[in-house]
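Geometric and topological summary
Next come the chains, spelled out residue by residue.
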Amino acid sequence: MSIEINRDFIDSLEEDILEGRKEKYQDFINDGHPADIAEIVDKLDKVAAEILFRSLDKELGAEVLMEIDEDLRAKFLEGYNGQEIASDIIENLDSDDAADLINELPNAQRREVLNSIK
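Because the structure is a prediction, the values reported are computed rather than measured. Residue numbers here run from 1 along each chain, matching the order of that chain's written sequence. Totals for whole chains, interfaces and linings use every residue, but because this is a predicted model, local features are given only for residues with pLDDT of at least 70 and side-chain atom pairs only at 80 or more, for both listing and counting. Excluding hydrogens and water, the side-chain figures rest on all heavy atoms present in the structure.

Secondary structure elements follow DSSP: runs of H or I no shorter than four residues count as helices, runs of E no shorter than two count as strands, and numbering proceeds from the N terminus. Along the protein, the regular secondary structure elements total nine helices and zero strands. Mapped in sequence order, the helices and strands of the protein form the string α-α-α-α-α-α-α-α-α. Projected onto the principal axes, the alpha-carbon positions of the protein cover approximately 45 × 25 × 20 Å. Exposure categories follow from relative accessible area, calculated using a 1.4 Å probe and restricted to protein chains: below 20% of the type maximum is buried, above 50% is exposed, and the middle band is partly exposed. Within the span of the protein, comprising 118 residues, buried residues form 41% of the whole. Put simply, of all contacts in the protein between residues at least 6 apart along the chain, 66% involve residues at least 24 apart. Total accessible area on the protein stands at roughly 6,800 Å², and carbon and sulfur atoms take up 41% of it. Positive: Lys, Arg. Negative: Asp, Glu. His and the chain ends are not part of the count. A charged residue contributes its charge at one atom only: NZ of Lys, CZ of Arg, CG of Asp or CD of Glu. For the protein, the distance from the average site of its 13 positive side-chain charges to the average site of its 32 negative ones is 6 Å. Note on definitions: a residue-residue contact is assigned when non-hydrogen atoms from the two residues lie within 4.5 Å. Note on areas: these come from Shrake-Rupley sampling with a 1.4 Å probe, and a residue is covered only by the protein chains present in the view.

Next up, the structure:
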């Protein structure tokens, strides 16, 4: 996939996301590499970025999460409880990435995640 990620592309994508036009960007997302999607997520406004992130399937979402900026990752994870992080994200990561992510979590959230891991 070769797409130029410029301001026009980001603005158009953001508009499609905020207007709920998932069909306009779903193919791009499904064919995208996690690092490319993460680059886009980093450039979107917070609301559009979160909508896009939550529209990803769990495996791709977990991979993208590990590619985005650590501060943005922390903001996304604020909206998840420990069980959701464990089942939707941790279970879809390599063990090294899962351990890194768990260590980044605030103490209370970390305990919740660890208690939820099966």
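That covers the picture; the talk isn't over yet.
Mean pLDDT for the protein: 91, with 97% of residues reaching 70 or above. The predictor attaches a confidence to each residue, and that confidence, scored 0 to 100, is pLDDT. Per-element confidence in the protein is highest for helix 8 (residues 95-104), whose mean pLDDT is 95, and lowest for helix 2 (residues 22-31), whose mean pLDDT is 85.

The term salt bridge refers to a pairing of a side-chain nitrogen on Lys or Arg with a carboxyl oxygen on Asp or Glu at a separation within 4 Å. Following the criterion strictly, the structure yields eight salt bridges and no others. Here Arg-54 makes a salt bridge to Glu-50, at a shortest N to O gap of 3.4 Å. In this pair, Arg-54 and Glu-50 both sit in helix 4 (residues 46-55), four residues apart, roughly one turn of the helix. Owing to a relative accessible area of 43%, Arg-54 belongs among the partly exposed residues under this scheme. Each of the salt bridges in this network shares a partner with another, and the network as a whole consists of Glu-15, Asp-16 and Arg-21.

The next subject is the environment of Val-41. Topologically, Val-41 is positioned in helix 3 (residues 34-43). Sequence separation between Val-41 and Leu-65 is 24 residues, and the spatial gap between their C-alpha atoms is 9.5 Å. Not counting residues within four places of it along the chain, the set of residues in contact with Val-41 comprises Ala-49, Leu-52, Val-64, Ile-68, Leu-72 and Phe-76.

Turning our attention to the packing of aromatic side chains. Centre distance within 6.5 Å is the pairing criterion for rings of Phe, Tyr and Trp, where only the six-membered ring of Trp is used; planes under 30 degrees apart are then read as stacked, over 60 as edge-to-face, and the remainder as tilted. If you walk through the whole model with that rule in mind, you get one aromatic pair. Where Phe-53 meets Phe-76, the ring centres are 5.0 Å apart and the plane angle is 20 degrees; that geometry is what we call stacked. Of this pair, Phe-53 sits in helix 4 while Phe-76 sits in helix 6 (residues 70-78), placing them 23 residues apart in sequence. Here Phe-53 and Phe-76 have matching classes, each one buried. Two thresholds decide whether a charge sits over a ring: the Lys NZ or Arg CZ must be within 6 Å of the ring centre and within 35 degrees of the ring normal. Taking NZ or CZ as reference, Arg-54 lies 4.3 Å from the ring centre of Tyr-80, over its face.

What follows concerns the nonpolar core. Core analysis: the largest hydrophobic core is formed by 37 residues, its most contacted members being Val-41 and Leu-44. Those elements that place two or more of their residues in this core are helix 1 (7-18), helix 2, helix 3, helix 4, helix 5 (58-67), helix 6, helix 7 (82-89) and helix 8. Top element by residues in this core is helix 5. It accounts for five residues. Buried Ala, Val, Leu, Ile, Met, Phe, Trp, Tyr and Cys residues that are joined via side-chain atoms within 4.5 Å together make up what is termed a nonpolar core.

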